[in-house]
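Given next are the chains, with one letter for each unit.
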Amino acid sequence: MRVAIGSDHGGFELKEKITKHLEDRGIDFKDFGTYLNEACDYNDVSKTVAENVAQGNFARGILICGTGIGTTIQANKVKGIRAALVHDVFTAKATREHNDSNVLSMGGRIIGDELAKMIVDTWLDTAFSQAERHQRRIDKLES
Ligand code: RB5
């Protein structure tokens, strides 16, 4: 599975920890920045990651800003993107099973590194349930 990842300055430090974690797990990923701990707009990287996922260049996207909110809102403006803001393991699992979310968003100023890694692992490793009721609701998101 190829993963696109990006952050703004508020998520930069956590992104660095998560990319290291992806490397350790042998997961193929591309880091779309930011590459510096300097203020930047979350909009640009969120749009780039979301568009790459929507176009099928990557199976999933991971976005991190200070709260995870800006990246979630921006990513969800791209057609075909179901970005979920997640700060606990239960939600990481549920949003894959129920929403088939294709972008994970987290707040680097909210959660610790170890919890974030557990969330990433759970979210990457959980399959969509395929239940008809969940697929029907997902289809309605696009209509
Ligand atoms: C940047 O200060 C901060 O506003 C941003 O990282 C994010 O939290 C926005 O939703």
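Scroll up to find the structure this text is about.
Read on for an overview of the structure.

## A short note on the packing of aromatic side chains
- A complete count under the given rule lists 1 aromatic pair for this structure.
- Relative to Phe58, the ring of Phe32 lies with its centre 5.7 Å away and its plane at 80°, an arrangement referred to as edge-to-face. Placement of the pair is Phe32 in the loop between β2 (28-31) and α2 (42-54) and Phe58 in the loop between α2 and β3 (60-65), with a sequence separation of 26 residues.
- Looking at Phe58, the relative accessible area reads 6%, which means it is buried.

## Remarks on the pattern of salt bridges
- Evaluation of the coordinates by the stated rule reveals 14 salt bridges.
- Of the charged contacts, one joins Glu142 and Lys79 as a salt bridge, the two residues approaching to 3.1 Å between their closest N and O atoms. Here Lys79 lies in the loop between α3 (69-75) and β4 (83-85) and Glu142 lies in the segment after α6 (132-141), a separation of 63 residues in the sequence.
- A cluster of three or more residues bridged by salt bridges with shared partners is formed by Lys15, Glu16 and Asp31.

## Here's the deal with the packing of helix α1 (residues 12-25) against helix α5 (residues 113-125)
- At their nearest, the axes of α1 and α5 sit 10 Å apart, and the two run at 50° to each other. Comparing the axis directions of α1 and α5 gives the class oblique. Like other packed secondary-structure pairs, α1 and α5 cross with a definite hand, here right-handed. Of the residues in α5, those touching α1 at Leu14, Lys17, Ile18, His21, Leu22 and Arg25 are Asp113, Ala116, Lys117, Val120, Asp121, Leu124 and Asp125.
- Classifying every residue of the contact of α1 with α5 by side-chain character gives 6 nonpolar, 1 polar and 6 charged.

## Here we look at the pairing of β3
- Burial runs high along β3: 6 of the 6 residues are buried.
- Neither face of β3 is open: one carries Arg60, Ile62 and Ile64, the other Gly61, Leu63 and Cys65, and all of them are buried.
- Relative to strand β5 (residues 103-107), β3 is paired through 5 bridges, and the arrangement is parallel. Bridged to Leu63 within β5 is Ser105.

## Side note on the sheet that holds β3
- Strand order across the open sheet formed by 5 strands is β2-β1-β3-β5-β4, with parallel pairing between neighbours. Each edge of the open sheet carries a strand with a single partner, namely β2 and β4. Recorded for the sheet is a direction-independent mean angle of 20° between the axes of neighbouring strands.
- Examined bridge by bridge, β4 and β5 share 3 bridges and lie parallel to one another. The residue bridging Leu85 from the neighbouring strand is Ser105, located in β5.

About the thresholds
- Residues numbered from 1 in each chain as written.
- Predicted model: local features only at pLDDT ≥ 70, side-chain atom pairs only at ≥ 80, totals over all residues.
- Heavy atoms only, no water.
- Phe/Tyr/Trp six-rings, centres within 6.5 Å; stacked < 30°, edge-to-face > 60°.
- Helix = DSSP H or I, 4+ residues; strand = E, 2+ residues; numbered from the N terminus.
- Buried < 20%, exposed > 50% of the residue type's maximum accessible area, 1.4 Å probe, protein only.
- Salt bridge = Lys/Arg side-chain N within 4 Å of Asp/Glu carboxyl O.
- Axes fitted to C-alpha atoms, helices over the stretch in contact; angles between N-to-C directions.
- Parallel < 35°, antiparallel > 145°, perpendicular 65-115°, else oblique.
- Left-handed = near helix turned anticlockwise from the far one by under 90°.
- Contact = heavy atoms within 4.5 Å.
- Nonpolar A, V, L, I, M, F, W, Y, C, P; charged D, E, K, R; others polar.
- Pairing = 2+ DSSP bridges.

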